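Remarks on the overall topology
This is what each chain is made of:
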Amino acid sequence: MRVRTFELVNNKGQVFSLMDINEGCIFKEPENLGYGYTSEFQRLGNTYVEALRTINQSQIPGNLEFRNYDNYRKFIDYVESAEGLRWKCTIPYTSGAKTYFKDVVFQEIGKNDLFTEEDKLVVPVTFNCLSLWYEENTIIYNITPQENEIRWDFMWDSRFIDYSTRNLEYVNTGHTEAPILVEMDGHLVNPKIELYVEGQLYQTVKITVEIQEYEKLLYGTRENDFYINKQNTDGTLTSLFSLDHIEFENDNVIRLPANKSCELRLTADNEVLNAQVTILPQYKAV
């Protein structure tokens, strides 16, 4: 049977292999890859009613096996230089391999002079988990006005019911709501993001702004990382989360509910020529 693979990915996209003894190390004996809950109960006579149920924060402990002290130091330098870390886990299901991510922070690593019979250094390591497991399902579309043509680069299973209206149908098979990330290239006038659930309009995010050519609208709804920004031509960001640009009385945080037929629609007062949508379905265990 094929085995799952583990890697660490930092905020710059640089990868440290946890499956390569020559270039990195081998991660062995991982624990706590499942999940659990903490519940509080109220007593009603001889009956107990669950009043609060929260998913537990998990840790991932295990052992790292290095071929030498140089790779051990290489791992430490990688972790300490990273501004953010993610576990990357690829699982060989019978239907095909899938890749999942989990945001983590490094907790601790041991150091000893204990070597295996094969002369490999083995030390304990622990990471604290900050998120559920999640996929990154991305679709990019580009419209070439000169040819009046739409080109779709499929990177996940989806169906577009009408190219002219640029609607995207998606069923979130995760265990909870799925955040989204949207990039829309200028020139844009008053862009709008709409979510339909089971055929009914559920949410509308209207942004009163003009995004010039070579600028971008950036929108993200991850927990603890919600933003509506304009990316300027020099790469700097300008927040659009203000009364000048959005209606605060609206629910401006779009997340796709689990196990429902959803439809995302990107529009503007003018044409949306180029955009990218990433959906992040989340899983409690994979």
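Look above for the structure.
First things first, this report covers the structure right here in the doc. Predicted model only: the values in this text are computed from it and were never measured.

**Topic: the overall build of the protein**
Within the protein one finds one helix and 25 strands. Across the 286 residues in the protein, those meeting the buried criterion constitute 39%. Intrachain contacts of the protein at a sequence separation of at least 6 include 64% that bridge at least 24 residues. For the protein, the exposed area adds up to about 16200 Å²; of that, 45% sits on carbon and sulfur atoms.

**What to know about the pairing of strand 23 (residues 261-267)**
Working note: regular strand, side chains alternate between the two faces of the sheet. Judged from the five bridges that link them, strand 13 (residues 167-171) and strand 23 form a sheet pairing that is antiparallel. Bridging across to strand 23, Val-171 finds its partner in Ser-261. Two strands pair when backbone bridges link them, and strand 16 (residues 192-197) and strand 23 are joined in this way by six bridges, in the antiparallel orientation. Residue pairing in the sheet places Leu-195 in a bridge with Leu-264 of strand 23.

**Structural notes on unusual backbone geometry**
In this structure, the amide linkage connecting Gly-186 to the following residue, His-187, adopts the cis form with an omega of 20°. Position of His-187 relative to the elements: it lies in the loop between strand 14 (178-185) and strand 15 (188-189). Of note, Tyr-214 is a non-glycine position whose phi angle comes to about 75°, a positive value. By the element assignment, Tyr-214 lies in the loop between strand 18 (210-211) and strand 19 (216-222). In this structure, Asn-224 is a non-glycine residue whose phi angle is positive, near 65°. Checked against the element boundaries, Asn-224 lands in the loop between strand 19 and strand 20 (225-231).

Conventions we followed
Residues numbered from 1 in each chain as written. Predicted model: local features only at pLDDT ≥ 70, side-chain atom pairs only at ≥ 80, totals over all residues. Heavy atoms only, no water. Helix = DSSP H or I, 4+ residues; strand = E, 2+ residues; numbered from the N terminus. Buried < 20%, exposed > 50% of the residue type's maximum accessible area, 1.4 Å probe, protein only. Contact = heavy atoms within 4.5 Å. Areas by Shrake-Rupley, 256 points an atom, 1.4 Å probe, with all protein chains shown as cover. Pairing = 2+ DSSP bridges.

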